[in-house]
Amino acid sequence: PLPQESVDPQKTAFVLRKAWTLYSVTPLYRFRRARLRDYARLLGAFIAAEKRKGLAVEVGVELDIKVALATLADLRGSELDQAALLVQLSSRSQASSRSSEDKLVWSGWFCSVFGDDLSENVPEDFTSLPLFLSHGPESYTALVGSWFQKTFDCCFRRLAISPQNLSWMVAMWAGCKLDRAASAVELVFSVPRLAQPLDISYAIHPEDAKALWDTVQKTPGEITQEEVDVFMDCLYAHFHRHFKIHLSAAKLVKVSTAVAAAHCDGMVKILQSQYLPGVLMLLTELAISQIQ
Amino acid sequence: HLATSLPLPSKRDHLRPRIDLVVFMIDIKSKYSLKNVETSLAHVDASYFLGKVCFLVTGVGRVNACSIETNAICKLGEAYGSPVLFCELELEGIRVATAQRLLRMLQICAGHVAGVSALSFVSLMRNSDD
């Protein structure tokens, strides 16, 4: 199944149990790791300037935004990958300036996990970090995004996840071995062409899901499209037997397992640190195929 | 004549005109439509597969709503020796062009185009795919 590399759980704890919005990012032009402090200052100035222009994030609240950029050496697949880049926006409101407590208001990070497909073909002077994850108000995401686009001539696009990819994810993640008791495997479908939208939620006991996947998967460590199709067909057939509804005619919009949850609008929540590299590798692959 | 699956109800067999072309529609957003087509194929007489069957894949405009692998559909077309057309019904231009293509194919299959038979036409299409 998924690669489990020894990643320092402390450094990656911030990733877990948060809902991240996903973007694909084209390679950054003339990005220099040594200049992170300069970039932080420039981004901070840009945000302050935009606020003064009246594009304020929070109206009526005076927020001083501090920007921090850091490299996360551990978050990468192989030595060929660029190390991840973390951007954090913290606020120090005027009221509590005496207590000098910074409150984290937004975070975003760029990464590449086994993104050789893209980084191999990228010309010199370009840094390949195709996956971007953000958590926090959309307005800050827009500000940070537009600064990066202007400064490094790159392009951000929301990462959409198709029902096909979601099927792949649920099959992969439902089959993961977990030490602790796992939560249910849940699939959410949206039924098209109805006067009022209808969502169907299909929850499966995690042990049953894993047992099913184990009978389908032929080679441990390898997953094929056929195996994913058989797994999904079994789930659809079971549902049809009980409810006479063909889930295969509906649109799979969200999958949720004990390892991670993903939504077709490009949102993910990762719950287990041991499978983090595997999940990021899959998301990196999706980001790269959206770019190409 | 429009049907949601095959076989057609035998009650109306004697009223039905000759069928010149069968177009199987697969919605790329619905895995169910592919399964439905696969089971319906079994009810089609073998002689139809000499140029009187084609697969029409709809909804290809929305890459992000894809529930079926296009590879699987192309393999289906190869297995049954029939052409696969891709279209997006929501775009009027493509809808009209596709309708015109199907109409032209129907004319050939019905024998209305002198010098071109259904079989010769489908082998032309197959060669252009390679």
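Residues numbered from 1 in each chain as written. Chains lettered and ligands numbered in written order. Predicted model: local features only at pLDDT ≥ 70, side-chain atom pairs only at ≥ 80, totals over all residues. Heavy atoms only, no water.

(A) Main features of the overall build of chain B. Within chain B, the secondary structure is distributed over four helices and three strands. Listing the helices and strands of chain B from first to last along the sequence gives β-α-β-α-β-α-α. Projected onto its principal axes, the C-alpha coordinates of chain B cover approximately 40 × 35 × 30 Å. Here chain B, with 130 residues, has 36% of them falling under the buried criterion. When contacts within chain B are restricted to residue pairs at least 6 apart in sequence, long-range pairs at least 24 apart make up 73% of them. Of the charged side chains in chain B, 14 are positive and 12 negative; the average position of the first set lies 5 Å away from that of the second. (Helix = DSSP H or I, 4+ residues; strand = E, 2+ residues; numbered from the N terminus. Buried < 20%, exposed > 50% of the residue type's maximum accessible area, 1.4 Å probe, protein only. Contact = heavy atoms within 4.5 Å. Lys, Arg positive; Asp, Glu negative; His and termini not counted. Charge placed at Lys NZ, Arg CZ, Asp CG, Glu CD.)

(B) The arrangement of the environment of B:Asp13 in detail. Relative to the assigned elements, B:Asp13 resides in the segment before β1 (22–27). Placed 59 residues apart in sequence, B:Asp13 and B:Ala72 show a C-alpha to C-alpha distance of 33 Å.

(C) Examining the environment of A:Gly278 more closely. All names here are of chain A. Residue placement: Gly-278 occurs in helix α8 (residues 276–291). On the basis of relative accessible area, Gly-278 is assigned to the buried category, the value being 1%. Gly-278 sits 254 residues away from Ser-24 along the chain, and the two C-alpha atoms are 18 Å apart.

(D) The environment of B:Val23, seen in detail. Within the secondary structure, B:Val23 sits in strand β1. A relative accessible area of 30% means that B:Val23 is categorised as partly exposed.

(E) Structural detail: the interface of chain A and chain B. In this assembly, 16 residues from chain A lie in contact with 13 residues from chain B. Counting the surface lost from both chain A and chain B, the interface buries some 1,100 Å², and carbon and sulfur atoms represent 49% of this. On inspection of chain A and its partner chain B, the count reaches three salt bridges. Of the charged contacts, one joins B:Lys31 and A:Asp233 as a salt bridge, the two residues approaching to 3.7 Å between their closest N and O atoms. Inspection of the region where chain A meets chain B yields five residue pairs in polar contact (both at pLDDT 80 or more). Mapped onto the side of chain A that touches chain B, the elements with two or more residues apiece are α5 (163–174) and α7 (225–243) of chain A. Considering every element that reaches the side of chain A that touches chain B, the biggest residue donor is α7(A), with five residues. (Buried area = accessible area lost by both parts, 1.4 Å probe. Salt bridge = Lys/Arg side-chain N within 4 Å of Asp/Glu carboxyl O. Polar contact = N/O pair within 3.5 Å; in protein donor to acceptor, adjacent residues only side chain to side chain.)

(F) Region of interest: the packing of aromatic side chains. Residues and elements named next belong to chain A. Under the counting rule described, the total for this entry stands at 25 aromatic pairs over all chains. On the numbers, 4.6 Å between centres and 45° between planes, the contact of Phe-110 with Phe-132 is tilted. Of this pair, Phe-110 sits in strand β5 (residues 103–111) while Phe-132 sits in strand β7 (residues 131–135), and the two are 22 residues apart along the sequence. Per residue, the accessibility class of Phe-110 equals that of Phe-132, and both read buried. On the numbers, 5.2 Å between centres and 90° between planes, the contact of Phe-132 with Phe-156 is edge-to-face. Of this pair, Phe-132 sits in strand β7 while Phe-156 is found in strand β8 (residues 156–158), placing the two residues 24 residues apart along the sequence. Note on accessibility: Phe-132 and Phe-156 belong to one class, buried. (Phe/Tyr/Trp six-rings, centres within 6.5 Å; stacked < 30°, edge-to-face > 60°.)

(G) Fine view of helix α2 (residues 36–52) of chain A. Residue and element names in this part refer to chain A. Between its terminal C-alpha atoms α2 stretches 24 Å, which fits the 24 Å expected from 17 residues at 1.5 Å a residue. For α2, every residue scored as buried is listed here: Leu-36, Tyr-39, Ala-40, Leu-43, Gly-44, Phe-46, Ile-47 and Glu-50. Down the axis of α2, the sector holding all buried residues measures 160°, keeping them to one side. Facing away from the buried surface of α2 by more than 90 degrees, the exposed residues are Arg-37, Arg-41 and Arg-52. (Expected span 1.5 Å × (residues − 1). Arc of directions from axis to C-beta.)

(H) Here's a closer look at the sheet that holds strand β3 (residues 84–86) of chain B. Residues and elements named next belong to chain B. Strands sit in the order β1-β2-β3 across an open sheet of three strands; the sheet is parallel. Two strands bound the open sheet, and with one partner strand each, they are β1 and β3. Each strand of the sheet is rotated relative to its neighbour by a mean of 25°, with strand direction disregarded. By the bridge criterion, three bridges tie strand β2 (residues 53–58) to β3 in an arrangement that is parallel. Within the sheet, the bridge partner assigned to Val-57 lies in β3 and is Phe-86. (Pairing = 2+ DSSP bridges. Axes fitted to C-alpha atoms, helices over the stretch in contact; angles between N-to-C directions.)

(I) Layout of the pattern of salt bridges. Applying the stated criterion across every chain yields a total of 13 salt bridges over all chains. With its nearest N and O atoms 3.0 Å apart, the salt bridge here joins A:Lys66 to A:Asp102. Note that A:Lys66 is positioned in strand β3 (residues 63–72) and A:Asp102 in the loop between β4 (84–93) and β5, a separation of 36 residues in sequence. The exposure class of A:Asp102 is partly exposed, given its relative accessible area of 33%. Shared partners join several salt bridges into a network, and the residues in it are A:Asp229, A:Asp233, B:Lys31 and B:Lys35.

(J) Just the pairing of strand β9 (residues 185–191) of chain A, in detail. Residue and element names in this part refer to chain A. As judged from the seven bridges shared by β9 and strand β10 (residues 198–204), these two strands associate in the antiparallel manner. Bridge assignment links Ser-190 to a residue of β10, and that residue is Asp-199. Taken together, β9 and the strand that follows it, β10, pair antiparallel across an intervening segment of six residues, in which Arg-193 is found at a positive phi of about 60°. Taken together, the five bridges between β9 and strand β11 (residues 251–256) define a ladder with antiparallel strand orientation.

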